[in-house]
Amino acid sequence: MLSRLPRSMRRARLVGAVLVALVAVTSCGFDDERAAVTTSSLVPSRSGVAPGVEVEAGGQAPRSGADVVVAALQSVLGGLGYYRGVVDATFGSSTESALASFQRDGGLPATGRMDAASAKALVAAGVGAARPVEVLQAVMTELGFYRGQIDGIFGPATRAAIEALQRAAKVTVDGVYGPQTSAGLAVAYRDLVAPQSASTSAPVEGATSEGTLQAGSTGDDVAVLQRRLAALGYRPGPADGRYREATASAVIAFQKHEGLARDGRATPEVVARLGAPTGAGPRSVVGPHIEVDVDRQLAFLVSRDGTVAILNASTGSGRTFTDRSGTPASAVTPLGTFTVLRRVDGLVAAPRGTLYRPLYFDRGWAVHGAPVVPAEPGSDGCIRLSKADADDAFTTVPDGAPVVIYGVTASTATANPAAAPGF
């Protein structure tokens, strides 16, 4: 059954399987002091390990079974928003703190040590979670540093792209994605999308002004926000009181819907508008179909029973890029009424990036999932959704269903002979 899943899902399960395997091989004493993963008993502090976060072939393999487990643990915790350090297979204080936070939120003893219950909870939570390396690869693809498949594997191509980024940012060139490299990437990406996206100037994560909820916020107010967004048709993730990526994306979608600043923060103005939204919905609730409003950068996923999901989307940026033949092309999204022509249940390596579970509607143009969905037009012509939203679209909309794309701010591909589909 595993082989029938999209590759990114298989990879998430593979990482989880490493954790489960450790539970199995140490089941006779995994919970005791001898078997628990701690900062002192399993992995000694060391440096110089390449940040190969995956256990599949293609990256630099960790040097022991314990390294594999810690790298997998850091990768899953990172994808869930708990771990923010370098995935270096070293079980240090930041990894221990991240694990303790995960345990606390899951109602488990917050020991910071790996046990069977924590491993099982991580497996359940980690499947389908955002992959930090995928996000890194996607951003470096847009910046022109990475040309491989966006698959979450930290292999030679990813390391080479990081080294190229480091040279451009004039920081130490070591292929390790650390704080200096992260800062350089943030500056380069901001310079690329800042003219189009207010979301890139969002405040520091976790820092809030009075009455504002944003990334890093926790508590009952966040859970109330999540429930209200879900009731209105948005996708904030579970109402768990943690303001993470899915909640921020849902808030951006609501801000787009209501014509508010697109920064992903639930300000008092946003919260007040949630009580009485005024933005227009889809043009039709006869499903199943997909509507895309390029002016507001929203997608409406209408199911067969007329239920509407309002999704954060990003369409063609209008920038000029070079296609596979070396010819300049324009990143525009075609307007009009199309139908789903074909689909691919997995990853497709396109010339300009990797498409997740694409629904093709016009030659190479598709609605697809991506690790990064800018708040403004940012694609090379395709319609980007989050991977979770792409999963829903893939299962909700059959072949032959309408894909309706409208708006006035984007050039039509038919009127622009240089238009070409891309990531």
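Structure's up top.
Residues numbered from 1 in each chain as written. Predicted model: local features only at pLDDT ≥ 70, side-chain atom pairs only at ≥ 80, totals over all residues. Heavy atoms only, no water.

Trainee: Quick question: what am I supposed to make of the packing of aromatic side chains here?
Mentor: What describes a pair of aromatic rings is the distance from one ring centre to the other and the angle between the planes of the rings. Under the definition given, this model contains two aromatic pairs. On the numbers, 5.7 Å between centres and 80° between planes, the contact of Tyr-234 with Phe-254 is edge-to-face. With Tyr-234 in the loop between α8 (220-231) and α9 (245-258) and Phe-254 in helix α9, this pair connects stretches of sequence that are 20 residues apart. Taking the relative accessible area as the measure of exposure, Tyr-234 reaches 5% and is therefore buried. Ring geometry for Phe-338 versus Phe-361: centroids 5.3 Å apart, planes at 50°, classification tilted. One end of the pair, Phe-338, is in strand β6 (residues 336-339); the other, Phe-361, is in strand β9 (residues 353-362), and 23 residues separate them in sequence. (Phe/Tyr/Trp six-rings, centres within 6.5 Å; stacked < 30°, edge-to-face > 60°. Helix = DSSP H or I, 4+ residues; strand = E, 2+ residues; numbered from the N terminus. Buried < 20%, exposed > 50% of the residue type's maximum accessible area, 1.4 Å probe, protein only.)

Trainee: Please explain the pattern of salt bridges as it appears in this structure.
Mentor: Scanning the model with the defined rule gives twelve salt bridges in all. Note that Arg-235 and Asp-389 form a salt bridge whose closest N and O atoms lie 2.4 Å from each other. In this pair, Arg-235 sits in the loop between α8 and α9 while Asp-389 sits in helix α11 (residues 387-396), placing the two residues 154 residues apart along the sequence. Two residues, Arg-363 and Asp-362, come together in a salt bridge whose shortest N-O distance is 3.1 Å. (Salt bridge = Lys/Arg side-chain N within 4 Å of Asp/Glu carboxyl O.)

Trainee: What should I look at first to understand the nonpolar core in this one?
Mentor: The tendency in soluble globular proteins is for nonpolar side chains to be buried as a group. In this structure, Ile-290, Phe-361 and Ile-405 are the most contacted members of the largest nonpolar core, which totals 22 residues. Counting only elements with at least two residues in this core, the list comes to β1 (289-293), β2 (298-302), β3 (308-312), β9, β10 (365-369), β11 (383-385), α11 and β12 (402-406). Grouped together as the second largest cluster of nonpolar side chains are 20 residues, Leu-213, Leu-225, Tyr-243 and Ala-248 included. (Core = buried A, V, L, I, M, F, W, Y, C linked by side-chain atoms within 4.5 Å.)

Trainee: Help me understand unusual backbone geometry in this model?
Mentor: Negative phi characterises most residues that are not glycine, and trans characterises most peptide bonds. Of the consecutive residues Gly-287 and Pro-288, the connecting peptide bond is found in the cis state with omega at 0°. Positive phi, normally seen in glycine, also occurs at Lys-170, with a value near 60°. Position of Lys-170 relative to the elements: it lies in the loop between α6 (156-169) and α7 (179-193). The class of Lys-170 is exposed, set by a relative accessible area of 74%. For Gln-297, which is not glycine, the phi torsion reads 55° and is therefore positive.

Trainee: Even after reading the chapter, I still don't get the packing of helix α5 (residues 132-143) against α6, so can you show me in this structure?
Mentor: Helix-helix packing is characterised by the crossing angle of the two axes and by the distance between the axes. Viewed as axis vectors pointing N to C, α5 and α6 meet at an angle of 55°, and their least axial separation amounts to 11 Å. Between α5 and α6, the angle is such that the two are oblique. When the axes of α5 and α6 are compared, the crossing they make is left-handed. Across the interface between the two elements, Leu-136, Gln-137 and Met-140 from α5 touch Thr-158, Ala-161, Ile-162 and Leu-165 from α6. Of the residues contributing to the contact of α5 with α6, the split by class is five nonpolar, two polar and no charged. (Axes fitted to C-alpha atoms, helices over the stretch in contact; angles between N-to-C directions. Parallel < 35°, antiparallel > 145°, perpendicular 65-115°, else oblique. Left-handed = near helix turned anticlockwise from the far one by under 90°. Contact = heavy atoms within 4.5 Å. Nonpolar A, V, L, I, M, F, W, Y, C, P; charged D, E, K, R; others polar.)

Trainee: Which parts of the structure should I look at to understand α5?
Mentor: With twelve residues, α5 should cover 16 Å at 1.5 Å per step; its first-to-last C-alpha distance of 17 Å lies within 8% of that length. Among the twelve residues that make up α5, nine are buried, leaving the element largely enclosed by the rest of the structure. Taken as a whole, α5 has its buried residues at Val-133, Glu-134, Leu-136, Gln-137, Ala-138, Val-139, Met-140, Thr-141 and Glu-142. Within two residues after α5, Gly-144 carries a phi angle of roughly 90°, on the positive side. (Expected span 1.5 Å × (residues − 1).)

Trainee: Please clarify how the environment of Val-408 should be interpreted in this entry.
Mentor: Residue position: Val-408 is located in the segment after β12. Residue Val-408 is classed as exposed on the basis of its relative accessible area, which comes to 74%. Through-space distance from the C-alpha of Val-408 to that of Leu-335 is 9.1 Å; in sequence the pair is 73 residues apart.

Trainee: Sorry, what's going on with the pairing of β2 here?
Mentor: Each regular strand displays side chains that alternate between the two surfaces of the sheet. Counting buried positions over the five residues of β2 gives five, a clear majority of the element. What you see with β2 is no split at all: Leu-298, Phe-300 and Val-302 on one side and Ala-299 and Leu-301 on the other are buried throughout. Here β1 pairs with β2 via five bridges, running antiparallel. By the bridge assignment, Glu-291 is partnered in β2 with Phe-300. As judged from the five bridges shared by β2 and β3, these two strands associate in the antiparallel manner. From the neighbouring strand, Leu-298 faces β3, where its bridge partner is Asn-312. (Pairing = 2+ DSSP bridges.)

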